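Notes for the structure review
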Amino acid sequence: MGCVAGSTGAWLADQGVAGPGIGMATGWLLNSGNAYIRGARGGDVIQAGGEGALWGGVSGFAMMGLSPLFNQAMNIPWTSNYKGVPGGNEVTLGEWLFGSNSSNISNIIANQGSASLSTIFSSPASNLSILPSPGPQPMYMNSYLDFSGELTSYTGGRQYVNGSLDWFDYYSNGSTVNRGSWSAVSGPWGTPITTGAHTIQNGYMGLNTGIPGYMRDGADFYIDIFPDPSYEIHPDGNVFGTLGCIGIRESGVRSLDLYNRIRNYARRYNVLQLNVNY
Amino acid sequence: MFIGLITLFYACIAYSQEGCNHEDLIMSFLQKISSKDYFPALGDFNTYFDSHSEIEAGLQDEYIRNNPKVKLSDDTADRSLTLELLLKNKTVRRLIDLRNNQNCKWIIKNRYAKGSATIIYEIVVEGSKEMVKIQMINWKNKNRCGIVDILDSSDKSILIKSTE
């Protein structure tokens, strides 16, 4: 059983941002009632960092003995409901300051014995935005659909596009994240939808058409594709393929998931981009 | 209030049929297929069925798979597998014979919406209890008009064999 405060103080001193006072303060604060954090090492107090660390560690050790009485007297909030240790009843300073999201900080420290601030803030578990981060976080910009596939031969000299309809989220740094993929075809009973940019617009879609060719595994819907709404996205019911529409060849549940995503996006942003490549 | 709702429903149907008179199209279709020495032509399929219908294409595909050496053309004078299949149906055959032999009339007995984009018309011949149902596309915002399916009295499709 060691002293987490000492290691934190050592880190701060090592970064040149902490004097003995800060080291002592961190030792005092973080150690008040948290001395049991597993993996903490007594050796931390003599890590590089010199006096600040030493003072932090020493003060932390000193406060270990006094903290229970102090906590009881002052009713310090982060000394209750701590989730990092099974059965523990304390919270860390991070939790108290930043709420439930930052409770992961205590887990990082608990798992590693000690943790630098860069470790804490770069962790996916950490969701802190009010403190400096290693780099600018990319901001979500918009979403779009991408229908892509291979032009494939069919009987009677016909062709169809065998591919997938993918949902992408686009971010401010130019990156994209695929949020879903649905197996889809276009043709072969007519010319496949033209390549290039299309759109889906709010209000031009609906459920329960009653048309046999639009029903598949309980899903029945249409979504108009602009600029030519004779093309649609719909479940690929009836016989295989479409006249050129994008036919979704998925289970009813997955097909309806796609419909709901598109409808909700269109309701919020009015227009959803659809790119066609093959 | 109930009568008002019924009236509103039929008013909506009448409005949504603008540019596509379902009853005229159905009667014309029935007269056509029940005429003597009728040849089920692809041109008639194109005339009376919804332009997005995949029925003919699906039947052609199945036919080609079963008869790889046979070539089907897109000539409108060529035969329609859809109409050929319809005329082979026993109920349809009996209704046509009744109409031709006893000079009975085709009657639209009832109609009702199926989903948001189709209407089903119940068809009988005078003096017969047998019935077929013609499902019409009813999409007021789209330039589509025609038959999407023909069903028997138990709502089973006469034309669409495979359903996925």
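In this section: the overall build of chain B. For chain B, the helix and strand inventory stands at six helices and four strands. N-terminal to C-terminal, the α/β element order of chain B is α-α-α-α-α-α-β-β-β-β. A burial count over chain B gives 30% of its 164 residues as buried. In chain B, the share of contacts with a sequence separation of at least 24, taken over all contacts with a separation of at least 6, comes to 48%.

Further remarks concern the overall build of chain A. Tallying secondary structure elements over chain A gives seven helices and ten strands in all. Burial statistics for chain A: of 278 residues in total, 43% are counted as buried. Look at the contacts in chain A between residues 6 or more apart in sequence, and 60% of them connect residues 24 or more apart.

The next thing to look at is the confidence of the model for chain B. Per-chain confidence: chain B averages 87 in pLDDT, with 87% of residues scoring 70 or above. Here the complex is predicted with pTM 0.65, and the ipTM for its interfaces comes to 0.84.

Taken together, the contact between chain B and chain A spans 21 residues of the former and 16 residues of the latter. When residues of the side of chain B that touches chain A are traced back to their parent elements, those giving at least two are α4 (55-66) and β4 (147-151) of chain B. Examining the composition of the side of chain B that touches chain A, we find that six residues originate from one element, α4 of chain B, more than from any other. Here the residues of the side of chain B that touches chain A are counted per class, giving six nonpolar, nine polar and six charged.

On to the pairing of strand β1 (residues 106-114) of chain B, then. All names here are of chain B. Bridging between β1 and strand β2 (residues 118-125) involves eight bridges; their strand directions are antiparallel. Residue pairing for β2: Trp-106 is matched across the bridge by Val-125. The hairpin formed by β1 and β2 contains three residues between the paired strands, and Gly-115 there has a positive phi angle of roughly 70°.

Now for the sheet that holds β4 of chain B. Residue and element names in this part refer to chain B. Spatial ordering of the open sheet is given by β1-β2-β3-β4, a layout of four strands whose pairing is antiparallel. Strand pairing shows two members of the sheet lacking a second neighbour, β1 and β4, which therefore form its edges. Ignoring which end each strand starts from, the neighbouring axes of this sheet average 25° apart.

All names here are of chain A. Residue Pro-188 is bonded to the preceding Gly-187 through a cis peptide linkage, with omega at 5°. Within the secondary structure layout, Pro-188 lies in the loop between β3 (176-186) and β4 (196-201). Omega for the bond connecting Phe-226 with Pro-227 falls within 30 degrees of zero, at 15°, which places this linkage in the cis form. Following the sequence through the fold, Pro-227 ends up in the loop between β7 (219-224) and β8 (232-235). The backbone phi angle of Asn-270 is positive, close to 75°, even though this residue is not glycine.

Before going further, it helps to spend a moment on α4 of chain B. For α4 of chain B, with twelve residues, the first-to-last C-alpha span of 17 Å sits near the 16 Å given by 1.5 Å per residue. Looking at the buried positions of α4 of chain B, the neighbouring elements they touch are α3 (42-48) and α5 (81-88) of chain B.

All right, on to the environment of Lys-36 of chain B then. Residue and element names in this part refer to chain B. Position of Lys-36 among the secondary structure elements: in the loop between α2 (22-33) and α3. Under the C-beta neighbour-count criterion, Lys-36 is labelled exposed, with 5 such atoms within 10 Å. As for Lys-36 and Asn-100, which are separated by 64 residues in sequence, their C-alpha atoms are 8.1 Å apart.

The subject of this paragraph is the packing of α4 of chain B against α5 of chain B. All names here are of chain B. Closest axis-to-axis distance for the α4/α5 pair is 8 Å, and the angle between their directions is 90°. With respect to α5, the axis of α4 lies roughly perpendicular. Residues Ile-55, Glu-56, Leu-59, Gln-60 and Tyr-63 of α4 lie in contact with α5, whose contacting residues are Leu-81, Thr-82 and Leu-85. Here the residues of the contact of α4 with α5 sort into five nonpolar, two polar and one charged.

Next up on the list: the confidence of the model for chain A. Per-residue pLDDT for chain A averages 70, and the proportion of residues at 70 or more is 52%. Segment residues 1-128 of chain A is flagged for pLDDT under 50; beyond a separation of four residues in sequence, or across chains, it makes 196 contacts in the model.

All names here are of chain A. Inspection of the sheet shows strand β2 (residues 159-171) paired to β3 by ten bridges, in the antiparallel sense. Paired with Gly-163 across the two strands is Ala-184, which belongs to β3. Here β2 hands over to β3 after four residues, with Gly-174 in that stretch at a positive phi of 90°. Both β3 and strand β9 (residues 246-248) contribute to a ladder of three bridges, which runs antiparallel. Considered in β9, the bridge of Val-185 is made with Gly-247.

So, how was this worked out
Residues numbered from 1 in each chain as written. Chains lettered and ligands numbered in written order. Predicted model: local features only at pLDDT ≥ 70, side-chain atom pairs only at ≥ 80, totals over all residues. Helix = DSSP H or I, 4+ residues; strand = E, 2+ residues; numbered from the N terminus. Buried ≥ 20, exposed ≤ 12 C-beta atoms within 10 Å, placed from the backbone. Contact = placed C-beta atoms within 7 Å. pLDDT = per-residue confidence, 0-100. Nonpolar A, V, L, I, M, F, W, Y, C, P; charged D, E, K, R; others polar. Pairing = 2+ DSSP bridges. Axes fitted to C-alpha atoms, helices over the stretch in contact; angles between N-to-C directions. Expected span 1.5 Å × (residues − 1). Parallel < 35°, antiparallel > 145°, perpendicular 65-115°, else oblique.

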